[in-house]
Amino acid sequence: MKFTERLAQAWAKNDSLLCVGLDPDPAKFPAHLKDKPDRITRFCTAIVDATADLVCAYKPQIAYFAARRAEAELEAIIHHIHEFHPDIPVILDAKRGDIGPTAEQYAIEAFERYKADAVTVNPYMGRDSIEPWLAYADKGVILLCRTSNPGGSDFQFLKVGASRTAQPDCSSTGTALYELVAEKVAKEWNTTGQCGLVVGATFPGEIARVRQIVGEMPLLVPGIGAQGGDIEATVKAGRTAAGTGLMINSSRAILYASRGEDFAEAARRVAQKTRDEINRYR
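Notes on the structure follow. These figures come from a predicted structure and were not determined experimentally.

## Focus: the environment of valine 198
Okay, step 1: In this fold, valine 198 is placed in strand β8 (residues 195–199).
Okay, step 2: As for valine 198 and threonine 147, which are separated by 51 residues in sequence, their C-alpha atoms are 6.5 Å apart.
Okay, step 3: Apart from the residues lying within four places of it in its own chain, the contact partners of valine 198 are Thr120, Ile142, Leu143, Leu144, Cys145, Arg146, Leu220 and Pro222.

As structure tokens, this is what we get:
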């Protein structure tokens, strides 16, 4: 089954557009876990087990594992999700971007070592750097487009040239770089229907513009919760006609809802509240 098919099933089964980011920081863990050698696995799998009926995807961020030499724990967590919650796809948040031969190795890492169902990728080295990822036709390839950080505007909003889908009030030089990325991915790279785009919740106007360009393509939307993105604006800007099309990510607000032994239960309460608020605007 392709990533996009699994994602669509999760949207429907759990009535959810919520993606929970797994960004484990042991300094924020409950005291009873901090000295455990497998504390990252215990923490993340507890969060997963408590929230699996409320989400459409999980998104482990690879840096949080690699920085602590916990790649084996990342493998274990993804295996746990696949074994006990097989209907929920896993997006490896790696933001890889390199030339073809190196990209091939990164793709092997993400899809064969970690068994991720999708991965985030940086598109700014062009089509040949993306092709190794696209070779895995059943996997999702989610490309950075309009990121949620303030510095994203340094380059992504620069006016760079004409677009075939330019809005009527755009001049021939009035198209932003992120718009051209969205168009190229949608019109040229998404030949097997496996692509998605990252568009931050902190820029709802740009979410709406990307949705206009790419049609039904899935959008991974970070930036709600701790980053301050507005849920109502995000959903209204990015939803498809069917009320889906989004993976709205929340990480810290859910993971660290409690520092006590009830951390998983607290995470579930926040996840359910977030899922329900998202659904209010679908």
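Additional details are given in the paragraphs that follow.
## Things to note about the sheet that holds strand β10 (residues 246–250)
Paired through backbone hydrogen bonds, the strands of a sheet run either parallel or antiparallel to each other.
Okay, step 1: Across the sheet, eight strands lie side by side as β2-β1-β10-β9-β8-β5-β4-β3; this open sheet has parallel pairing. A single partner strand is all that each edge strand has here, and the edge strands are β2 (57–60) and β3 (91–96). Put simply, the sheet's adjacent strands are angled 30 degrees from each other on average, direction ignored.
Okay, step 2: Bridge count between strand β5 (residues 140–146) and β8: five bridges; the pairing is parallel. Paired with valine 141 across the two strands is cysteine 195, which belongs to β8.

## Let's talk about the packing of aromatic side chains
Aromatic rings considered in pairs are described by the distance between their centres and by the relative angle of their planes.
Okay, step 1: Using the criterion set out here, one finds six aromatic pairs in the structure.
Okay, step 2: Ring centres 5.1 Å apart and planes at 10 degrees place the aromatic pair phenylalanine 43 and phenylalanine 263 in the stacked group. With a gap of 220 residues between them, phenylalanine 43 in helix α2 (residues 39–51) and phenylalanine 263 in helix α12 (residues 263–280) connect regions that are remote in the sequence.
Okay, step 3: Taking relative accessible area as the criterion, phenylalanine 263 reaches 5% and is therefore assigned buried.
Okay, step 4: Ring pairing ties together the aromatic residues Phe29, Phe43, Tyr256 and Phe263, which thus form one cluster.
Okay, step 5: Sitting over the face of the ring of tyrosine 178, arginine 146 holds its NZ or CZ atom 5.8 Å from the ring centroid.
Okay, step 6: Stacked on the ring of phenylalanine 203, the Lys or Arg arginine 146 has its end atom at 3.9 Å from the ring centre.

## So, the packing of helix α8 (residues 177–189) against helix α9 (residues 204–214)
Okay, step 1: Their axes nearest at 9 Å, the elements α8 and α9 cross at an angle of 30 degrees. One element, α8, and the other, α9, form an angle in the roughly parallel class. For the element pair α8 and α9, the recorded crossing hand is right-handed. Where α8 abuts α9, its residues Tyr178, Glu179, Ala182, Glu183, Ala186 and Lys187 lie against Glu206, Arg209, Val210, Ile213 and Val214.
Okay, step 2: Partitioned by chemical class, the residues of the contact of α8 with α9 number six nonpolar, no polar and five charged.

How each quantity is defined
- Residue numbers restart at each chain and count upward from 1, following the sequence in its written direction.
- Totals for whole chains, interfaces and linings use all residues, but because this is a predicted model, local features are given only for residues with pLDDT of at least 70 and pairs of side-chain atoms are given and counted only at 80 or more.
- Side-chain figures throughout are based on the complete set of non-hydrogen atoms in the structure, without hydrogens or water.
- By definition, any uninterrupted DSSP run of H or I lasting at least four residues is a helix, any uninterrupted run of E lasting at least two residues is a strand, and each is numbered from the N terminus.
- Any two residues whose heavy atoms approach within 4.5 Å at even a single point are treated as in contact.
- The pairing criterion for strands is at least two bridges between them, as found by DSSP.
- Fitted lines through C-alpha atoms serve as axes, helices being fitted only where they are in contact, and the angles separating the N-to-C directions of these axes extend from 0 to 180 degrees.
- The pairing test for Phe, Tyr and Trp rings, Trp by its six-membered ring, is centres within 6.5 Å, and the orientation test on the planes gives stacked under 30 degrees, edge-to-face over 60, and tilted for anything in between.
- Between buried and exposed lies partly exposed: a residue is buried under 20% and exposed over 50% of the maximum accessible area for its type, with that area taken using a 1.4 Å probe on protein chains only.
- Counting as a charge over the ring demands two things of the Lys NZ or Arg CZ atom: a distance within 6 Å of the ring centre and an angle within 35 degrees of the ring normal.
- Angular relationships are summarised with four words: roughly parallel below 35 degrees, roughly antiparallel beyond 145, roughly perpendicular across 65 to 115, and oblique for the angles in between.
- A crossing counts as left-handed when the near helix is turned anticlockwise from the far one by less than a right angle, and as right-handed when that turn is clockwise.
- When residues are grouped by polarity, Ala, Val, Leu, Ile, Met, Phe, Trp, Tyr, Cys and Pro land in nonpolar, Asp, Glu, Lys and Arg in charged, and all others, Gly among them, in polar.

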